[in-house]
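Given next are the chains, with one letter for each unit.
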Amino acid sequence: MLNNQQNGKLNIRTMSVLAMFTAISVVLTRFLVIQPMPSVRFELGNVPIMLAGFIFGPVEGVIVGAIADFIGAMIRGQGFDIPLMLVPMFMGCMAGLVRNYIVKNLSYIKILGFTFTVNVIGKMLWTTYWLSIIFGRPFMEILPIRVGVYTIIPIIEAAVIFGLLSNAAFRRIVLRGE
């Protein structure tokens, strides 16, 4: 994957793709979601954030994660929590930092290892800790259900990311704008 930048500046095509990833993330996170309880959501909104990092780099991954989370929080009227915003930013950044390792020799197992790792750190631990503070419930009360959810979600995220990054048409459209 090439970094679609010229002289360190984002070009129009790159900004357009990042805006598209941001919009898709907002839709997947805020509207196409199953939320059986306030502390648990089944959603794939981190996929476009991680794709931004894998394709364009860590800064772009952070930007997409931050803007998508902020816009989503404002649209749904859920309020805005900076500690919770750090998770999508972290996922986008980490995808950008490991992109040469992951994308150079693309494999589902590598992507699964990545998605599982960032979900354990970001969703199972960090977000669960902050949700326990926000909802005033013990961490260990919320953790078991979130562990169940975030052992399934990375498998689906990895399959979607692998499918898209392995698809020549997706790469051609996203990277070259054809």
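Described below are features of the structure shown in this document. What you are looking at is a predicted structure, and each value in this text was computed from that prediction instead of being measured.

### Examining the overall build of the chain
A tally of regular secondary structure across the chain gives eight helices and four strands. Starting at the N terminus, the α and β elements of the chain follow one another as β-β-α-β-β-α-α-α-α-α-α-α. Expected size for 178 residues packed as a compact globule is a radius of gyration near 16 Å; at 16 Å, the chain falls within 12% of this value. With respect to the three principal axes, the spread of C-alpha positions in the chain is 50 × 35 × 25 Å. Each of the 178 residues in the chain was classed as buried or not, and the buried ones make up 42%.

### A short note on the packing of helix α2 (residues 46–56) against helix α4 (residues 82–97)
A packed helix pair is summarised by two numbers, namely the angle formed by the two axes and the spacing between the axes. Look at α2 against α4: their axes get within 6 Å of each other, and the N-to-C directions meet at 35°. Along this stretch, α2 crosses α4, giving a crossing that reads as right-handed. When α2 is examined against α4, the residues N46, I49, M50, G53 and F54 are found in contact with a partner set consisting of P88, M91, G92, A95 and G96. Along the lines of polarity and charge, the residues of the contact of α2 with α4 split into six nonpolar, four polar and no charged.

### What about α2?
Extensive coverage of α2 is indicated by the burial of 11 of its 11 residues. For α2, the set of buried residues is N46, V47, P48, I49, M50, L51, A52, G53, F54, I55 and F56. The first or second residue beyond α2 is G57, which carries a positive phi of 125°.

### So, the packing of aromatic side chains
According to the stated counting rule, one finds four aromatic pairs in the structure shown. Residues Y108 and F162 carry aromatic rings whose centres are separated by 6.3 Å and whose planes lie at 80° to one another, so their mutual orientation is edge-to-face. You can see Y108 sitting in helix α6 (residues 108–135) and its partner F162 sitting in helix α7 (residues 139–166), a full 54 residues away along the chain. Relative accessible area serves as the criterion here: at 25%, Y108 is assigned to the partly exposed category. Judged by centre distance (5.9 Å) and plane angle (55°), the ring pair of W126 and W130 falls under tilted.

### Side note on the pattern of salt bridges
Per the stated rule, a full pass over the model turns up three salt bridges. Note that E43 and K123 form a salt bridge whose closest N and O atoms lie 3.7 Å from each other. Linking E43 in the loop between β4 (40–42) and α2 with K123 in helix α6, this pair joins segments that are 80 residues apart in sequence. Salt-bridge contacts for E141 lead to R137; the nearest nitrogen and oxygen are separated by 2.3 Å. Take R137: its relative accessible area is 40%, and that puts it in the partly exposed class.

### Focus on the environment of V174
Note that V174 resides in helix α8 (residues 168–176). Taking the C-alpha atoms as reference points, V174 and I142, 32 residues apart in sequence, are found 38 Å from one another.

### A closer look at the nonpolar core
Core analysis: the largest hydrophobic core is formed by 25 residues, its most contacted members being F21, M50, L51, F54, I55, I161 and L165. Only α1 (12–30), α2, α4, α5 (99–104), α6, α7 and α8 provide two or more residues apiece to this core. Counting five residues, the second largest nonpolar core, distinct from the first, contains V40, M124, V149 and Y150.

### Some words on the packing of helix α3 (residues 58–76) against α4
Orientation of α3 relative to α4, taken along the N-to-C sense of each, is 155°, at an axis distance of 7 Å. Overall, the two elements α3 and α4 adopt an arrangement that is roughly antiparallel. By crossing handedness, the relation of α3 to α4 is classed as right-handed. Between α3, through P58, G61, V62, G65, A66, D69 and F70, and α4, the contact on the second element is made entirely by L84, M85, P88, M89, G92, C93, G96 and L97.

Rules of the game
Residues numbered from 1 in each chain as written. Predicted model: local features only at pLDDT ≥ 70, side-chain atom pairs only at ≥ 80, totals over all residues. Heavy atoms only, no water. Helix = DSSP H or I, 4+ residues; strand = E, 2+ residues; numbered from the N terminus. Rg over C-alpha atoms; globule rule 2.2 N^0.38 Å. Buried < 20%, exposed > 50% of the residue type's maximum accessible area, 1.4 Å probe, protein only. Axes fitted to C-alpha atoms, helices over the stretch in contact; angles between N-to-C directions. Left-handed = near helix turned anticlockwise from the far one by under 90°. Contact = heavy atoms within 4.5 Å. Nonpolar A, V, L, I, M, F, W, Y, C, P; charged D, E, K, R; others polar. Phe/Tyr/Trp six-rings, centres within 6.5 Å; stacked < 30°, edge-to-face > 60°. Salt bridge = Lys/Arg side-chain N within 4 Å of Asp/Glu carboxyl O. Core = buried A, V, L, I, M, F, W, Y, C linked by side-chain atoms within 4.5 Å. Parallel < 35°, antiparallel > 145°, perpendicular 65-115°, else oblique.

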